[in-house]
Amino acid sequence: MSTQTPHISSPSRVPAHASPSGDGIVVGAGPVQVDAFIDFLCPFCKQFEGRTGPLLDELVADEAISLVYHPMGFLDGLSTTRYSSRASAASGCASDGGHFMEYLYALFANQPPEGGPGLSDDELVELGLAVGLADSSFAACVRQGVYLDWSSYVTATAVQRGVGGTPTVAVQGTPVPASPQTILVAVRAALADAGG
């Protein structure tokens, strides 16, 4: 069996609420799929979440979309500790604990500057405690790097799909500019196509 694409090794574990392909965390259960490829070290992703997050939350609450976040380790080279991958892995731990979105907001609210070490594992655990991840299994998951290979898988899969930067947004598989207006127009069009 020959394949044109290089094989991406599957992670040993995927977090709770992972997409069927395992390369993202699904929030909501609406008919239109919106994919958001993000990096927790990326300043533009923080801006995107600030500008577009409220709309996405509303669309999820209205059951219009299934929002799939793909937390990538894209910017590992811009920190001295592979912070992007560690934050991505920690978000997987947060998904296991049922607080993925709260943790995503906390990671962006406490985003470290590019070029430094990023947050330590202890600081990543502290952020979890602040959003309700008080279970010791969350701390253990972060400190043991349980989802580091998952983060690599998310990143490699995204690159294979043609994602060349973050944030990248797709609605029903079609890339759209990462702005609230364009996302809303695309979602409404997809809902109309689906007869919604």
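Preceding block: the structure.
Given the structure is predicted, the values throughout are model-derived calculations rather than measurements. (Residues numbered from 1 in each chain as written. Predicted model: local features only at pLDDT ≥ 70, side-chain atom pairs only at ≥ 80, totals over all residues. Heavy atoms only, no water.)

Caption draft 1: Inspection of the pairing of strand E3 (residues 65–71) at higher detail. In terms of burial, E3 is a largely internal element, seven of the seven residues being buried. Covered by surrounding structure in E3 are Ile65, Leu67, Tyr69 and Pro71 together with Ser66, Val68 and His70, the residues of both alternating faces. One ladder, built from three bridges, connects strand E1 (residues 25–27) with E3; its direction is antiparallel. Considered in E3, the bridge of Val26 is made with Val68. One ladder, built from seven bridges, connects strand E2 (residues 32–38) with E3; its direction is parallel. (Buried < 20%, exposed > 50% of the residue type's maximum accessible area, 1.4 Å probe, protein only. Helix = DSSP H or I, 4+ residues; strand = E, 2+ residues; numbered from the N terminus. Pairing = 2+ DSSP bridges.)

Caption draft 2: Geometry of the state of the cysteines. Applying the stated rule across the entire model yields one disulfide. Disulfide pairing is shown between Cys93 and Cys141; the S-S distance is 2.0 Å. The S-S bond linking Cys93 to Cys141 shows a torsion near -80°; that makes this disulfide left-handed. Of this pair, Cys93 sits in helix H2 (residues 83–96) while Cys141 sits in helix H5 (residues 136–143), and the two are 48 residues apart along the sequence. Judged by its relative accessible area of 7%, Cys141 falls in the buried class. (Disulfide = S-S within 2.5 Å.)

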